[in-house]
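Chain and residue survey
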Amino acid sequence: MLKEQCLNIDVQFLPYADGNLALEALERGQVEAVSLWDPLGSLAAVDGRADVLMDLATDPVFAGRYCCFYYVSGILLEKEPEKIKALLRALEQAHTHSMRTSDEPLLALYTWSG
């Protein structure tokens, strides 16, 4: 993405254990950009604490798609592939069900995020 925007800059990735820590580092000027998950990213933009460079929810490639990443070790994947498949199916079914049946998940997230 940086090269597509003709940006020839050095990028250093810093691991933060929590999105709140990354946002705090941005606010303190310790970093120039962060990647945040919602609701942190959206709330920071709404509050004027950050500018959005890219939003998966509105990006033409990703818009309208369910987003999240799940990680599993290669050892576990080799040892328990059927359990991993079952977990992913259950997560997708839960997501589909909750989005079709009510606004409750969205309202719960909004209430939790402040």
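Structure shown above.
Now for a description of the structure that goes with this document. (Residues numbered from 1 in each chain as written. Predicted model: local features only at pLDDT ≥ 70, side-chain atom pairs only at ≥ 80, totals over all residues. Heavy atoms only, no water.)

1. A short note on the overall build of the protein chain
In terms of regular secondary structure, the protein chain is built from five helices and zero strands. When the helices and strands of the protein chain are listed from N to C terminus, the series reads α-α-α-α-α. Within the protein chain, buried positions represent 11% of all 114 residues. When contacts within the protein chain are restricted to residue pairs at least 6 apart in sequence, those whose partners lie at least 24 apart make up 26%. Accessible area for the protein chain stands at about 10100 Å²; split by element, carbon and sulfur atoms hold 57% of it. (Helix = DSSP H or I, 4+ residues; strand = E, 2+ residues; numbered from the N terminus. Buried < 20%, exposed > 50% of the residue type's maximum accessible area, 1.4 Å probe, protein only. Contact = heavy atoms within 4.5 Å. Areas by Shrake-Rupley, 256 points an atom, 1.4 Å probe, with all protein chains shown as cover.)

2. Things to note about the nonpolar core
Judged by nonpolar contacts, Ala-22, Leu-23, Ala-25, Leu-26, Val-31, Leu-36, Ala-44 and Ala-50 together constitute the single largest core of eight residues. Considering every element that reaches this core, the biggest residue donor is helix H1 (residues 19-27), with four residues. Once residues within four sequence positions are removed from consideration, Leu-23 is found in contact with Leu-36, Ala-44 and Arg-49. (Core = buried A, V, L, I, M, F, W, Y, C linked by side-chain atoms within 4.5 Å.)

3. Describing the environment of Ser-35
With respect to the helices and strands, Ser-35 occurs in the loop between H1 and helix H2 (40-46). Sequence separation between Ser-35 and Asp-55 is 20 residues, and the spatial gap between their C-alpha atoms is 9.9 Å.

4. What to know about the pattern of salt bridges
The tally for this structure, following the rule as stated, stands at five salt bridges. Residue Arg-28 is joined to Glu-24 by a salt bridge in which the shortest nitrogen-to-oxygen separation is 2.8 Å. According to the relative accessible area criterion, Glu-24 is partly exposed, its value standing at 33%. With its nearest N and O atoms 3.3 Å apart, the salt bridge here joins Glu-82 to Lys-85. Taken together, the residues Glu-82 and Lys-85, both in helix H4 (residues 81-101) and three residues apart, mark about one turn of the helix. Three or more residues joined by partner-sharing salt bridges are found here, namely Glu-27, Asp-47 and Arg-49. (Salt bridge = Lys/Arg side-chain N within 4 Å of Asp/Glu carboxyl O.)

5. Considering H1
Within the span of H1, buried status applies to Ala-22, Leu-23, Ala-25 and Leu-26. Seen from one end, H1 has its buried residues packed into an arc of 160°, which puts them on one side. Residues of H1 that are buried in the fold lie against H2. Structurally, the start of H1 carries an N-cap: the backbone nitrogen of Asn-20 is 2.5 Å from a side-chain oxygen of Asp-18. Following H1 by one or two positions, Gly-29 adopts a phi angle in the positive range, close to 80°. (Arc of directions from axis to C-beta. Polar contact = N/O pair within 3.5 Å; in protein donor to acceptor, adjacent residues only side chain to side chain.)

6. Let's talk about the environment of Asp-55
Inspection of the secondary structure puts Asp-55 in the loop between H2 and helix H3 (74-79). For Asp-55, a relative accessible area of 28% puts it in the partly exposed group. Measuring from C-alpha to C-alpha, the distance between Asp-55 and Ser-42 comes to 8.9 Å, with 13 residues separating the pair along the chain.

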